[in-house]
Amino acid sequence: MDEMFYATYGVHSMLRIVVVLLCILLAWWALKVVRFEVFVKDIKSVQSRVLQIILAIVIGYQLGKFFIDYSDWSAGLRGLF
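Residues numbered from 1 in each chain as written. Predicted model: local features only at pLDDT ≥ 70, side-chain atom pairs only at ≥ 80, totals over all residues. Heavy atoms only, no water.

Novice: Requested: an account of the pattern of salt bridges, with residues and values cited.
Specialist: For the structure shown, the criterion picks out 3 salt bridges. We note a salt bridge from R16 to D72, for which the minimum N-O separation is 2.7 Å. Placement of R16 in helix α1 (residues 2–31) and of D72 in helix α2 (residues 46–77) is noted, with a sequence separation of 56 residues between them. Judged by relative accessible area, which is 28%, R16 ranks as partly exposed. Taking the shortest distance from any N to any O, the salt bridge between K65 and D69 comes out at 3.7 Å. In this pair, K65 and D69 are both assigned in helix α2, 4 residues apart and thus about one turn of the helix distant. A relative accessible area of 21% means that D69 is categorised as partly exposed. (Salt bridge = Lys/Arg side-chain N within 4 Å of Asp/Glu carboxyl O. Helix = DSSP H or I, 4+ residues; strand = E, 2+ residues; numbered from the N terminus. Buried < 20%, exposed > 50% of the residue type's maximum accessible area, 1.4 Å probe, protein only.)

Given below as structure tokens:
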């Protein structure tokens, strides 16, 4: 019984990691069209790149978390009907 629980929990955790990583990549791709030169002094600087990476991680994590939560909420609704 414990092995089945841990196996299911492991698959669920791996799926969450993959979803969040894919959403971070999607956010990075979407941020490529943003004109950061309007907001930063030197677009080629390391600090500008770090800002883009941080924004991609924050946006991607929130997007992934939304999809994961939505999936969990939808699965929870099955118990109602």
